[in-house]
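If you want the building blocks of each chain, they are given just below.
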Amino acid sequence: MDFVQTTFASFISLIPVTLAQSLILGFVVLGIMIPFRMLSFPDLTSEGAFPLGGCVCGVLLAAGASPLTAIAVALIAGFAAGCCTAFIHLRFRIHTLLAGILMMTMLYSVNLRIMGKSNLSVFGAPTVFDWVPFTQPGFPASKIVAVGLLSLAVFVLLNIYFKTERGTAVRAVGANPDMAEAQGINVWAATIGGVGLAGAFSALSGAVMVQSQGFADVNMGLGILINGLAALMIGEAIVGKQSVLRQIAAPFVGAIVYYQLVSLCLAAGMPPPDLKLATGLFVLAMLALPSLRRSRGPAPAREAFRE
Amino acid sequence: MLEIRSAQKTFYRGQADEKVALDGLNLKLGTGEFGVVIGSNGAGKSSMLNAVSGSLSLDSGQILVNGDDVSGLPVHKRAMRLARVFQDPMKGTAASMTVAENMLLADLRSKKRSLRPGLTNTRIATYRERLSLLGLGLENRLDTRVELLSGGQRQSLSLIMAVGGSPDLLLLDEHTAALDPRTADIVMAATVRAVEQLKLTTLMVTHNMQHAVDFGHRVIMLDAGRVRLEIAGDEKANITVPDLIGHFAVKTDRMLLAS
Ligand SMILES: Nc1ncnc2c1ncn2[C@@H]1O[C@H](COP(=O)(O)OP(=O)(O)OP(=O)(O)O)[C@@H](O)[C@H]1O
Ligand SMILES: [Mg+2]
């Protein structure tokens, strides 16, 4: 009884901090969802674009740039990284996953070059959270308000975009590239732009994270991808993915729920080093579920191999 | 108007399994003309259509649409002027998108895509009307994802999508071959209706000799990557299935003699 109580108490006390963090990381999940679901382009760039955004932002803050400038430059850097991954895939016909691994490996060196060292403290530098009225800077409330509003804006804008003429064309490239091409859609432009956009969101997340935690680190992206995938799957399980609205809501909802679950596990005494194993097993289970269900049902087991 | 000038395409050039798909093929199709392409397996029919649409790049030769050389243009640029329906119903539609969204994509084929909302009420009404012409009830399933439709329904949708914007050129590659006879008739009837009403310049590949006899202004027989025989005018109007099959037989004899 005592155990449950202390677990619960420490979990509750961490809810605001975790919420602020999960809202920030929601953008990486979005950066994973867009290529994966909208473009059928399973992509790993986010693992490199997230620290890229962080490093760019950290260096600029340290040099005295305004926090908004730092975020804007991080966005551009992330966009460029995403574009490169898409270009490598399209031009050299290299598998999307391999193109992503190449990019994230190369980005590690780039990130080190940008910072000149493996981590950089920007504690005390101005952040976007300073501008939130009625809250004390540095406390979760200001972060929740600032990032929450930004998430809402991005959510609404993406929803509008993916239902415009151009946004529908981008989704068609993910649904059936040959058909899209035959309907006059420039598959290259749509893929490069879409994966670029995803990279920009991952970098945005990294930049805001640096302003939130007060330091940048080249290793800050480690494992972000698998966490993001887990969050995306939880989000899709909760809100579904049958419509554009649901598909775009899934990353945000998923991130919020996933990081609270992680916090609960840690509060319950799970050793932090085991976290990646647990997350990996969870993602594996979510991916395996459909094929397990099918082989038990009336359909032949062979079907599972064909995918 | 379509003109193909000495189109040449060899797969695996210089290797043991070298395959000549198009061998100096020439073809001219006037504006509003409906050409039916026949020929045995491997004759180069699909290769010819792919070369026209741009998905197959020629070794040499030119493709002209309405007098403009499009040989150097990529598929998506040529799509401004031409529409096609594939044999495989899966290929011509975006499965995970709705019927209305697919119609929208086709509607925008030759237009510049803007940042305005895609599916407006006016557009939806237009699509409903176009689909109702088929008589398959697709007009009531605009919000259904295409993957939930049958092959025949998907192919009918592909056809309506293709003829929608009155393309300069319509390419049909055995577009009824994968359908059951009744659905094939529905799709074929819709094809002929659209082609005649809109006076579309059309190139249709078929293995169905009855279709070749019944439809179109001209029969074009391909063999080994070139046009072997063209039947037009009165001769086309009066031709019968046995006549056509006779031509096939002559060709086969000649091939035997040549080998
Ligand atoms: N992608 C390809 N790679 C290699 N060879 C090909 C390719 N596409 C076609 N060919 C070859 O080119 C020749 C013509 O093929 P094509 O598909 O144009 O024939 P077809 O007349 O459409 O036949 P069918 O009636 O079977 O559809 C064949 O010998 C074929 O093997
Ligand atoms: Mg063929």
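Residues numbered from 1 in each chain as written. Chains lettered and ligands numbered in written order. Predicted model: local features only at pLDDT ≥ 70, side-chain atom pairs only at ≥ 80, totals over all residues. Heavy atoms only, no water.

Labelled according to an unreviewed UniProt entry, chain B appears under the name ABC transporter ATP-binding protein, originating from Borborobacter arsenicus.

If you look chain A up in an unreviewed UniProt entry, it shows as ABC transporter permease from Borborobacter arsenicus. Its UniProt record gives chain A the following Subcellular location (unreviewed entry) comment, quoted word for word: "Cell membrane". (UniProt positions renumbered as here; feature names shortened; annotations may be inferred.)

Digging into the overall build of chain A
Helix and strand counts for chain A stand at 12 helices and 2 strands. Counted from the first residue to the last, chain A has its helices and strands arranged as α-α-α-α-β-α-α-α-α-β-α-α-α-α. Computed over its C-alpha atoms, the radius of gyration of chain A comes to 20 Å, within 12% of the 19 Å expected for a compact globule of 307 residues. When its C-alpha atoms are laid out on the principal axes, chain A stretches across 55 × 50 × 35 Å. The buried share among the 307 residues of chain A stands at 49%. The contacts of chain A with a sequence gap of at least 6 include a subset with a gap of at least 24, amounting to 77%. Total accessible area computed for chain A in this model is approximately 14,300 Å², and 70% of it derives from carbon and sulfur atoms. The centroid of the 17 positive side-chain charges in chain A is displaced by 5 Å from the centroid of its 12 negative side-chain charges. (Helix = DSSP H or I, 4+ residues; strand = E, 2+ residues; numbered from the N terminus. Rg over C-alpha atoms; globule rule 2.2 N^0.38 Å. Buried < 20%, exposed > 50% of the residue type's maximum accessible area, 1.4 Å probe, protein only. Contact = heavy atoms within 4.5 Å. Areas by Shrake-Rupley, 256 points an atom, 1.4 Å probe, with all protein chains shown as cover. Lys, Arg positive; Asp, Glu negative; His and termini not counted. Charge placed at Lys NZ, Arg CZ, Asp CG, Glu CD.)

Focus on the site of ligand 1
Residues and elements named next belong to chain B. Near ligand 1, the surroundings consist of 14 residues, among which Asn-41, Lys-45, Ser-46, Ser-47 and His-207 are the closest. Asn-41 is positioned with one of its side-chain polar atoms (N or O) 2.8 Å from an oxygen atom of ligand 1. Isolated, ligand 1 exposes 630 Å² of accessible area, and the fraction of that covered by the protein chains is 67%. Mapped by element, the contributors of at least two residues to the shell around ligand 1 are β2 (19-29) and α1 (45-53). (Near = heavy atom within 4 Å. Polar contact = N/O pair within 3.5 Å; in protein donor to acceptor, adjacent residues only side chain to side chain.)

Some details on the nonpolar core
Ranked by size, the top nonpolar core spans 130 residues in total, and within it Leu30(A), Ile38(B), Leu157(B) and Leu244(B) carry the most contacts. No other element matches the 11 residues that helix α1 (residues 2-38) of chain A contributes to this core. Apart from residues lying up to four places away in sequence, Leu157(B) is in contact with Thr93(B), Val99(B), Asn102(B), Met103(B), Leu131(B), Leu138(B), Val146(B) and Leu149(B). One finds Leu29(B), Val52(B), Leu56(B) and Val65(B) within the second-largest nonpolar core, a separate group that totals 24 residues. (Core = buried A, V, L, I, M, F, W, Y, C linked by side-chain atoms within 4.5 Å.)

Regarding the interface of chain A and chain B
Facing the 19 residues of chain A at the interface are 28 residues of chain B. Summed over both partners, the interface of chain A with chain B comes to about 2,100 Å²; 55% of that surface belongs to carbon and sulfur atoms. The three residues of chain A that bury the most area against chain B are Glu165(A), Met179(A) and Gln183(A), which together make up 32% of that side's buried surface. Our enumeration of links across chain A and chain B arrives at 2 salt bridges. Put simply, Arg171(A) and Glu101(B) hold a salt bridge, and the shortest N to O gap is 3.0 Å. At the surface where chain A touches chain B, the tally comes to 14 residue pairs in polar contact (both at pLDDT 80 or more). Element by element, the count of residues in the side of chain A that touches chain B is highest for helix α6 (residues 165-175) of chain A, at 7 residues. Grouping the constituent residues of the side of chain A that touches chain B by class yields 7 nonpolar, 7 polar and 5 charged. (Buried area = accessible area lost by both parts, 1.4 Å probe. Salt bridge = Lys/Arg side-chain N within 4 Å of Asp/Glu carboxyl O. Nonpolar A, V, L, I, M, F, W, Y, C, P; charged D, E, K, R; others polar.)

Quick notes on the packing of helix α3 (residues 99-107) of chain B against helix α4 (residues 121-132) of chain B
Residues and elements named next belong to chain B. Closest axis-to-axis distance for the α3/α4 pair is 10 Å, and the angle between their directions is 95°. Overall, the two elements α3 and α4 adopt an arrangement that is roughly perpendicular. Within the contact between the two elements, α3 uses Val-99, Ala-100, Met-103, Leu-104 and Asp-107 and α4 uses Arg-123, Tyr-127, Arg-130 and Leu-131. Along the lines of polarity and charge, the residues of the contact of α3 with α4 split into 6 nonpolar, no polar and 3 charged. (Axes fitted to C-alpha atoms, helices over the stretch in contact; angles between N-to-C directions. Parallel < 35°, antiparallel > 145°, perpendicular 65-115°, else oblique.)

Observations concerning the UniProt feature "transmembrane region" (unreviewed entry) in chain A
Residues and elements named next belong to chain A. Under the UniProt annotation, "transmembrane region" (unreviewed entry) lies at residues 12-36, 71-90, 97-116, 144-162, 187-208, 220-239, 248-269 and 275-292. A distance of 33 Å separates the end C-alpha atoms of residues 12-36, which is 100% helix and 0% strand. As annotated, residues 275-292 has a helix share of 100% and a strand share of 0%, and its two end C-alpha atoms lie 25 Å apart.

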